[in-house]
Amino acid sequence: MADQNQSEAGRHQEVGHKSLLQSDALYQYILETSVYPREPEPMKEIREITAKHPWNIMTTSADEGQFLNMLLKLINAKNTMEIGVYTGYSLLATALALPEDGKILAMDINRENYELGLPVIQKAGVAHKIEFKEGPALPVLDELVKDEKNHGSYDFIFVDADKDNYLNYHKRLIDLVKVGGVIGYDNTLWNGSVVAPPDAPLRKYVRYYRDFVLELNKALAVDPRIEICMLPVGDGITLCRRIS
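Residues numbered from 1 in each chain as written. Predicted model: local features only at pLDDT ≥ 70, side-chain atom pairs only at ≥ 80, totals over all residues. Heavy atoms only, no water.

Naming follows an unreviewed UniProt entry, where the protein appears as caffeoyl-CoA O-methyltransferase of Leucaena leucocephala. Turning to the protein, the UniProt annotation filed under Catalytic activity (unreviewed entry) states: "(E)-caffeoyl-CoA + S-adenosyl-L-methionine = (E)-feruloyl-CoA + S-adenosyl-L-homocysteine + H(+)". The UniProt entry for the protein carries the following comment under Function (unreviewed entry): "Methylates caffeoyl-CoA to feruloyl-CoA and 5-hydroxyferuloyl-CoA to sinapoyl-CoA. Plays a role in the synthesis of feruloylated polysaccharides. Involved in the reinforcement of the plant cell wall. Also involved in the responding to wounding or pathogen challenge by the increased formation of cell wall-bound ferulic acid polymers." (UniProt positions renumbered as here; feature names shortened; annotations may be inferred.)

**Examining the packing of aromatic side chains**
Each aromatic ring pair is described using two quantities: the centre-to-centre distance and the angle formed by the ring planes. A full pass over the atoms with the stated rule returns seven aromatic pairs. Aromatic pair Y166 and Y185: ring centres 5.6 Å apart, planes at 40°, arrangement tilted. Residue Y166 is located in helix α8 (residues 166-176), and its partner Y185 is located in strand β5 (residues 177-186); the two are separated by 19 residues in the primary sequence. Pairing W190 with Y209 gives two aromatic rings, centres 6.1 Å apart and planes at 90°, and the pair type is edge-to-face. Linking W190 in the loop between β5 and α9 (204-222) with Y209 in helix α9, this pair joins segments that are 19 residues apart in sequence. Exposure remark for W190: the relative accessible area of 7% places this residue in the buried category. Classification of Y209 by relative accessible area gives partly exposed; the value is 23%. (Phe/Tyr/Trp six-rings, centres within 6.5 Å; stacked < 30°, edge-to-face > 60°. Helix = DSSP H or I, 4+ residues; strand = E, 2+ residues; numbered from the N terminus. Buried < 20%, exposed > 50% of the residue type's maximum accessible area, 1.4 Å probe, protein only.)

**Focus: helix α2 (residues 24-35)**
Turning to α2, its buried residues number three or more, namely Y27, Q28, L31 and V35. Angular distribution of buried residues about the axis of α2 spans 100°; they occupy a single face of the element. Of the residues in α2, the exposed ones pointing more than 90 degrees away from the buried face are A25 and Y29. The elements touched by buried residues of α2 are α4 (62-74). Of the residues flanking the start of α2, the one acting as N-cap is S23, its side-chain oxygen 3.2 Å from the backbone nitrogen of A25. (Arc of directions from axis to C-beta. Contact = heavy atoms within 4.5 Å. Polar contact = N/O pair within 3.5 Å; in protein donor to acceptor, adjacent residues only side chain to side chain.)

See below:
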């Protein structure tokens, strides 16, 4: 058991190290060669603040932050949404990628965590792009969907929140994202547990949410309104491009 704990600790020596790569050395190579040398100083600062938080495993990994930042630039995103903010690492990656008049509607049930990273976001000069709402996202989404002028108004939406609500989010977000726009669902490979046998020894929270993640993955795979691409970045991210 001690050896197992030791190897688990080794696998998570990097903040938010949730890579599914078989080799830790290979993941470390990616970080040290292409991620960390290009990581903006404010993002590094939030990553280091988050490392001290007891729930630091919840953070977006540095390689995924880099990926999101580039993706947003490639699709020229301007009006975006983020459900699940935590300390704001992915939020900052987004804010830095958006043009000066870009907007992010950011939602999380915990303002305290968001405020850990907020001073860094303010110092980076991008806080004016963010509208933060504390509380559950579903009531906010329901209000947005009610008003037809919000339909098709978002270029990009990133979801990294309560996995048991991902399908509920999807039902609403598909109306809010524009045709040609992208929704990104995080953690869709869920610690590799999506292929674990039924009797595999999984941590309680991994086991609890696994069925919800499996259900989401099945639903996205057959949704005719989207094209999808599931990437083994971080803990797995599925990109959904709305086509109708």
